[in-house]
Amino acid sequence: MTETSTRFPEHPAKLDLLELQSLTNLDDIQEALRLLDSEESLVDSELDQILASKSEVYEALEGLDVIRPKLVKLTKQTEDMVDNVIKTSYTAENISYKVRQLDFEQYAVKEAIKKIGDTQELKECISGLHAAIETKDYESGAALIRRYLSLDPLIFDEGFAYFAVSSEEYAENPRELLENARNKLVSMVVEEFEAAVRADNQKDIGRYFKLFPVMGKEEQGLDEYSQYVCGIISKQAQENLAKPVTTATFFPDILMNLFETIAIIIDQHTPVKVLRVIQRLEQEGITRGRRIIDSFREERQISRRIAEINSYISASKKPPNPNKATDVIPEPKTLDVLLNELVMICQRVHLYHRFMHSRAQSEISILRAKHQAEEILISENIEAYDEDGLLLNSELNKLVQELTDDCITMESFYLRRSVERAIKMDEYENGNLTSSSVDDVFYLLKKCCNRTISIYNVECLKAMIGVINDVLENNYIGVFQKRLSGGISTEARDENIIYMVLLNDVDVSCDYLQKLLEEVQNEALKIMSALKDGEKITVQTCLASLNDPGAQLKQILQTSLTQLANQRAKPRVRPILQESYKDVKYLLGEEEYVASESDQTFTKRFTGNFDRFIGMFKQYLTENNYRQLMAHLVEAFASDWERMIVQFKFTQLGALRLDKDIRTLTTYFSTISGLTVRDKFTRINQIAVLLNLDQVYDIYDYWGDRACPATWRLTQSEVRKILGLRTDFRHDDIAKLKF
């Protein structure tokens with residue numbers, strides 16, 4: 001039975017007659033018979049449903065018989081309408097055909113009139129242009145050429161114009177006649193333009209230059225104009241370079257004068273397609289700028305100074321040789337002046353390039369919109385140009401890059417030598433908190449950073465930040481680390497003062513370094529807006545590295561302050577406490593308590609002794625160092641005082657006296673240190689709370705399930721010990737306490 005159920009489909013309609021005829025197995029035949037019975041039952045059911053809906057079908061047919069006459073009438077009306085549309089369409093087609101014929105005839109008439117007009121204008125251009133050449137009426141001739149260029153070029157390819165224009169005087173082809181006349185007029189205008197340039201006649205120069213675009217020779221006019229302005233720039237640059245070098249900014253000044261002249265020409269004499277002029281001016285600027293920079297290198301002996309620096313650095317890495325002659329060491333003061341001039345040159349070139357690329361970019365955008373960008377390039381080597389139409393890597397850029405490399409070498413040497421000299425000449429004047437080297441070194445660092453940023457070169461900035469970090473770590477921080485590492489070996493006042501001044505130098509250096517980082521970041525933001533994303537990340541990363549020396553300085557400061565506190569400050573706290581507690585007790589009756597209220601012996605002694613002790617630190621330490629030292633002392637004082645308190649016995653009035661002493665000294669330390677010291681006195685305050693209980697079991701108001709929420713620093717054993725200091729508390733009651 002399982003086999004037959006898989007042989008036939010479940011739905012009877014799927015049974016195939018051929019398959020039924022091929023059955024030989026009894027089980028298969030019975031299964032097929034069962035499926036056929038099911039199919040027969042299904043067909044009978046469907047027939048019953050159809051017969052049941054017979055009345056509904058008849059009603060629908062009767063409804064259709066009702067609308068039959070209306071449909072016949074609509075059919076007749078539709079046939080009539082179709083006939084009318086066909087007739088109308090035929091009539092419209094005839095009218096449209098006649099209209100097209102009229103349009104064609106009208107167009108032919110207009111073309112004939114235009115051809116006659118163009119031919120007439122062509123005759124006027126030929127005769128007028130020759131007359132203008134004869135009379136040297138350049139403006140009229142240029143206007144006629146413009147009319148000729150605006151004519152339909154097809155007119156020159158038709159015989160009608162030739163026969164209409166030709167005569168005994170003008171037997172040539174009209175196009176050849178006009179082109180020859182145009183070239184002749186252009187040659188005459190060029191001669192007049194050059195004569196005006198030689199005579200420096202600004203009025204005629206402007207007059208003839210304006211004729212070139214009118215005659216369709218715009219690019220030739222731009223080339224003539226560019227040659228003229230380049231001549232002005234060349235003459236002015238040569239005159240400036242021939243002057244004697246009298247100032248420390250001579251070369252940056254004449255370079256700036258060159259760039260300003262180019263910028264003024266671009267801004268004030270802006271012709272159409274100014275990019276071509278900008279490209280010519282760029283080439284002239286490269287030529288003149290190169291000569292100025294070459295003269296600068298020769299006059300200031302840059303190569304010699306770089307060689308001296310490299311020789312000194314190389315010799316310093318070798319063992320000293322007494323038989324060798326001493327190398328010439330460039331003077332930092334001389335290098336400082338030279339670096340200022342070199343940076344000014346790099347800065348001016350950068351600003352000049354930024355201006356040129358900005359103007360070129362706006363012009364190339366217009367040309368690209370008109371699909372004319374390739375036509376305006378003055379060289380066939382398109383790959384040599386950037387997207388804005390200017391050179392990708394000019395000789396001026398290469399020279400400035402060489403100057404930048406020299407700047408890094410000289411700036412590094414200048415900074416190291418100057419920092420070494422500042423530390424060597426370090427001196428301290430009485431009344432100051434720091435020595436002279438701190439201000440001197442950070443003045444040098446700020447100067448070098450500002451000069452580096454002014455160059456607008458990411459790689460230069462990256463290199464100099466690395467140099468600054470190295471100088472700080474080896475030439476500056478290393479000195480402090482060495483001087484402070486041993487702590488204070490004697491109790492001499494002068495040595496203590498020198499040690500505190502060193503601490504102040506480190507503290508102020510941390511502040512100065514943070515300010516320097518902020519200033520450098522603010523200045524760097526001015527150049528970062530024009531940088532690519534990758535260059536911005538490079539700048540941010542190298543600037544962030546300035547935090548590393550700051551972390552080193554802070555670590556040295558913390559270690560050295562701890563040494564000062566441990567060696568010179570903390571050992572004095574306990575003797576002051578002991579001296580202040582001389583003849584003081586807390587087993588007080590009423591009369592003794594009243595007397596202590598007026599005398600306040602302990603607190604007055606302590607504050608007086610401590611003021612005299614701390615006075616020197618307050619006088620010679622910076623505010624930050626003093627606060628940090630006081631934090632160490634307050635912690636030491638709280639620890640020593642707690643150990644001393646537990647050595648006393650107390651009455652209830654004595655405990656009240658202690659509580660007032662604690663409040664007084666807490667306020668005192670907060671006032672003289674500028675710190676919040678309450679946390680340091682938490683254990684002592686909790687001791688005072690325990691000693692001021694009315695009875696032993698009042699402890700449950702502060703400790704246990706009924707207690708107010710508070711964090712106790714005392715352990716259970718310490719609580720029992722402190723309660724035992726009260727002479728009026730029974731030891732049995734204390735022992736029965738359950739926490």
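In what follows, the accompanying structure is described. (Residues numbered from 1 in each chain as written. Predicted model: local features only at pLDDT ≥ 70, side-chain atom pairs only at ≥ 80, totals over all residues. Heavy atoms only, no water.)

## A few points about the packing of aromatic side chains
Let me state the cut-off plainly: Centres within 6.5 Å are what make two rings of Phe, Tyr or Trp a pair, Trp counting through its six-membered ring; a difference in plane orientation under 30 degrees is then read as stacked, over 60 as edge-to-face, and the rest as tilted. Each helix is a run of DSSP H or I of at least 4 residues and each strand a run of E of at least 2, with the numbering of both proceeding from the N terminus. Each residue gets one of three labels from its accessible area relative to the maximum for its type: buried under 20%, exposed over 50%, partly exposed in between, using a 1.4 Å probe on protein chains only. We count a charge as sitting over a ring when the NZ of a lysine or the CZ of an arginine lies within 6 Å of the ring centre and within 35 degrees of the ring normal.
Counted by the stated rule, this structure contains 31 aromatic pairs. When the centroid spacing of 5.6 Å and the interplanar angle of 65 degrees are considered together, the rings of Phe610 and Phe613 count as edge-to-face. With a gap of three residues between them, Phe610 and Phe613 both fall in helix H22 (residues 601-620), about one helical turn apart. The two residues Phe610 and Phe613 agree in class, both being buried. One residue, Arg354, lies across the ring of Tyr456, its end atom 5.9 Å from the ring centre.

## Notes on empty space enclosed by the protein
Definition in use: Within this scheme a cavity is a closed region of a 1 Å grid, computed over the protein atoms alone, that accommodates a 1.4 Å probe without allowing it to escape, whereas a pocket is open but has protein on both sides within 12 Å along at least five of seven lines; lining residues each have an atom within 4 Å of a point. Grid points are joined across faces, edges and corners, and a volume is the space filled by probe spheres set on the points.
All told, the structure shown has one cavity of 30 Å³ or more when counted by the stated rule. Looking at the largest cavity, its volume works out to about 40 Å³. If you go around the largest cavity, the residues you meet are Ile423, Asp426, Ser437, Tyr476, Val479, Phe480 and Arg483. The element that contributes the greatest number of residues to the lining of the largest cavity is helix H17 (residues 458-484), accounting for four residues.

## Brief notes about the side chain of Glu341
Stated formally: By definition, residues are in contact when any of their heavy atoms lie within 4.5 Å.
Among the secondary structure elements, Glu341 is positioned in helix H14 (residues 332-369). When residues no more than four places from it in sequence are discounted, the contact partners of Glu341 are Ala248, Thr249, Phe250, Phe251, Pro252, Phe296 and Arg300.

## Description of the environment of Glu331
Mapped onto the secondary structure, Glu331 falls in the loop between helix H13 (302-316) and H14. A relative accessible area of 37% places Glu331 in the partly exposed class.

## Some thoughts on a nonpolar patch on the surface
Stated formally: Note on patches: the residues involved have over 30% relative accessible area and no salt bridge, like charges join within 9 Å, and the nonpolar side chains Val, Leu, Ile, Met, Phe, Trp and Tyr join within 5 Å. Here, Shrake-Rupley sampling with a 1.4 Å probe gives the accessible areas, and only protein chains in the shown set may cover a residue. Take a side-chain nitrogen of Lys or Arg and a carboxyl oxygen of Asp or Glu: if they are within 4 Å of each other, that pair is a salt bridge.
On the surface, Val57, Tyr58, Leu61, Leu64, Val66, Ile67, Leu71 and Leu74 cluster together into a nonpolar patch covering about 750 Å² of accessible area. Positionally, Leu71 belongs in helix H4 (residues 54-135).

## Section: the nonpolar core
Keep this limit in mind: In this text, buried Ala, Val, Leu, Ile, Met, Phe, Trp, Tyr and Cys residues form a nonpolar core when linked through side-chain atoms within 4.5 Å.
Counting 186 residues, the largest nonpolar core has Tyr581, Phe606, Phe610, Trp641 and Phe669 as its most contacted members. In terms of residue count, the dominant contributor to this core is helix H18 (residues 493-528) (14 residues). Those residues in contact with Trp641, other than ones at most four positions away along the chain, are Leu577, Tyr581, Phe602, Leu658, Asp661, Ile662, Leu665, Phe681 and Ile684.

## Some remarks on the environment of Ile126
Note on placement: Ile126 falls in helix H4. Relative accessible area serves as the criterion here: at 1%, Ile126 is assigned to the buried category. Here the alpha-carbon distance between Ile126 and Ala181, two residues 55 residues apart in the chain, equals 8.3 Å.

## Some thoughts on helix H19 (residues 533-544)
The condition that has to hold: An expected span of 1.5 Å times one less than the residue number is assigned to each helix. Here the arc refers to the set of directions running from the helix axis out to each C-beta atom.
In this model, H19 (twelve residues) spans 17 Å end to end at C-alpha, consistent with the 16 Å of a helix rising 1.5 Å per residue. Buried within H19 we find Val539, Cys542 and Leu543. Down the axis of H19, the buried side of the element spans an arc of 100 degrees, and every buried residue falls inside it. Exposed residues lying more than 90 degrees from the buried face of H19 are Asp533, Ile537 and Thr541.

## Describing the pattern of salt bridges
Inspection of the entire model under this criterion finds 31 salt bridges. The partner of Lys585 in a salt bridge is Glu592, with the nearest N and O atoms 3.1 Å apart. Taking the relative accessible area as the measure of exposure, Glu592 reaches 33% and is therefore partly exposed. Arg663 is the salt-bridge partner of Asp659, the closest N and O atoms lying 2.9 Å from each other. Separated by four residues within a single helix, Asp659 and Arg663 lie in helix H24 (residues 652-673), roughly one turn from each other.

## Considerations on unusual backbone geometry
Excluding glycine, residues mostly carry a negative phi; peptide bonds, for their part, are mostly trans. Backbone geometry places Gln301, a non-glycine residue, at a positive phi of 55 degrees. Relative to the helices and strands, Gln301 resides in the loop between helix H12 (274-299) and H13. Of the residues examined, Gln301 reaches a relative accessible area of 37% and is grouped as partly exposed. The backbone of Asp583 shows a phi angle near 65 degrees, a positive value even though the residue is not glycine. Assignment of secondary structure puts Asp583 in the loop between helix H20 (547-580) and helix H21 (590-599).

Read these as spatial facts, not as claims about activity.
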